[in-house]
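Observations on the model geometry
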Amino acid sequence: MKDGEIAQRGLVLLGCGKMGSAMLEGWLGRGLPPASVWVQDPKPSDWVTAQGVHVNEDLPADPAIVLIAVKPQMMAEALPVLASMGGGETLFVSVAAGVTMASYEAALGTKAPIVRAMPNTPAAIGRGITAVIGNAQATVAHIDMAESLLTAVGEVVRLESEDQMDAVTGVSGSGPAYVFHMIECLAAAAEAEGLAPDLALSLARATVAGAGALAQETGEDPAQLRRNVTSPNGTTQAGLEVLMDADKGLPPLMRATVRAAAARSKALANG
């Protein structure tokens, strides 16, 4: 399925909140004609309605792709609208957290090619990472097309099995919140050492953002990046001895954090 086929047959975006809007902006920026996009959303933003796409109009009978970006709790209401497209010619891509491929197959039929994807919130600025997995009907070409669509908002990685999605949820799906809390904690610690709140927050925010960008853009082993900053018996080493403590430091805390989030993801998927 090529870009020309998407332009000709159409792309349906079911749900256009922050994630859907970020993807739509990326696709339009890459040249997808607005007239080839149908958006279904109960409260479309002013931005969406100004893009020249079809908003809450009758859907094409045979779109190339349906991208499902509604909240999981709205799924039961949203999916019946799509059931007639489940004959195998339309690719369904879901970015809804916790909704299994079996749930989609129950609503859309077993002929429907389905790709389940887990993006994260930095997708809103094109810096996300999305993990994808397809069902038995999803061919390599389908996965390629889903990946092409999702690169509009960042990196894409492919999973080997759907049960890996719970771990992905615990790491990259929920992970931005862990990093935001790291900024909070670093700022609070700076205040405790006598810095004004605004200065403490500025230092913490820029430090975490800058270190993350350095790790991402150099591609260097983070352990090596850490060693590069750490002088023997210096200030960084003194701090790391606390943070890296095998019993009370960050390693066991982060393991427990990701394990709890992954377990919750599994429980939600199982109803």
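Report follows, based on the coordinates. No experiment lies behind these values; they were computed from the predicted model shown.

1. Here we look at helix α9 (residues 197-218)
Compared with an ideal rise of 1.5 Å per residue, which puts 22 residues at 32 Å, α9 spans 31 Å between its outermost C-alpha atoms and is within 8% of the ideal. Looking at the packing, one finds that the buried side of α9 touches α8 (175-192). Phi turns positive one or two residues past the end of α9, at G219, with a value near 70 degrees.

2. Here we look at the sheet that holds strand β3 (residues 54-55)
Pairing is mixed in the open sheet, where eight strands are placed in the order β3-β2-β1-β4-β5-β6-β7-β8. The strands lining the two open edges of the sheet, one partner per strand, are β3 and β8 (154-158). The pairing of strand β1 (residues 11-14) with strand β4 (residues 65-68) spans four bridges and is classified as parallel. Bridge pairing in β4 places V12 opposite V66. Across the sheet, helix α2 (residues 18-29) touches β1, β2 (37-40) and β4, and the angle it forms with β1 is around 160 degrees. In this fold helix α7 (residues 165-173) packs onto β6 (114-118) and β7 (128-134), with an angle of close to 35 degrees to the strand it touches most, β6.

3. Topic: the packing of α8 against α9
Two elements in contact, α8 and α9, have axes whose closest approach is 8 Å; the angle formed by their N-to-C orientations is 140 degrees. In terms of orientation, α8 and α9 fall into the oblique class. You can see that α8 and α9 cross each other, and the crossing is right-handed. Residue-level contacts link V179, M182, I183, L186, A187, A190 and E191 of α8 to P197, A200, L201, A204, R205 and V208 of α9. Looking at the contact of α8 with α9 residue by residue, the class counts come to 11 nonpolar, no polar and two charged.

4. A look at the pattern of salt bridges
Using the criterion set out here, one finds six salt bridges in the structure. A salt bridge links R116 to E162; its shortest N-O distance comes to 2.9 Å. Residue R116 is found in strand β6, and its partner E162 is found in the loop between β8 and α7; the two are separated by 46 residues along the sequence. Take R116: its relative accessible area is 4%, and that puts it in the buried class. By relative accessible area, which is 23% here, E162 ends up partly exposed. The shortest N-O distance in the salt bridge between R127 and E217 comes to 3.9 Å. One end of the pair, R127, is in the loop between β6 and β7; the other, E217, is in helix α9, with 90 residues separating them in the sequence. Each of E5, R9 and D62 takes part in salt bridges that share partners, so that together they form one network.

Parameters and conventions
- Residues numbered from 1 in each chain as written.
- Predicted model: local features only at pLDDT ≥ 70, side-chain atom pairs only at ≥ 80, totals over all residues.
- Heavy atoms only, no water.
- Helix = DSSP H or I, 4+ residues; strand = E, 2+ residues; numbered from the N terminus.
- Expected span 1.5 Å × (residues − 1).
- Contact = heavy atoms within 4.5 Å.
- Pairing = 2+ DSSP bridges.
- Axes fitted to C-alpha atoms, helices over the stretch in contact; angles between N-to-C directions.
- Parallel < 35°, antiparallel > 145°, perpendicular 65-115°, else oblique.
- Left-handed = near helix turned anticlockwise from the far one by under 90°.
- Nonpolar A, V, L, I, M, F, W, Y, C, P; charged D, E, K, R; others polar.
- Salt bridge = Lys/Arg side-chain N within 4 Å of Asp/Glu carboxyl O.
- Buried < 20%, exposed > 50% of the residue type's maximum accessible area, 1.4 Å probe, protein only.

The analysis is restricted to geometry; functional conclusions fall outside its scope.
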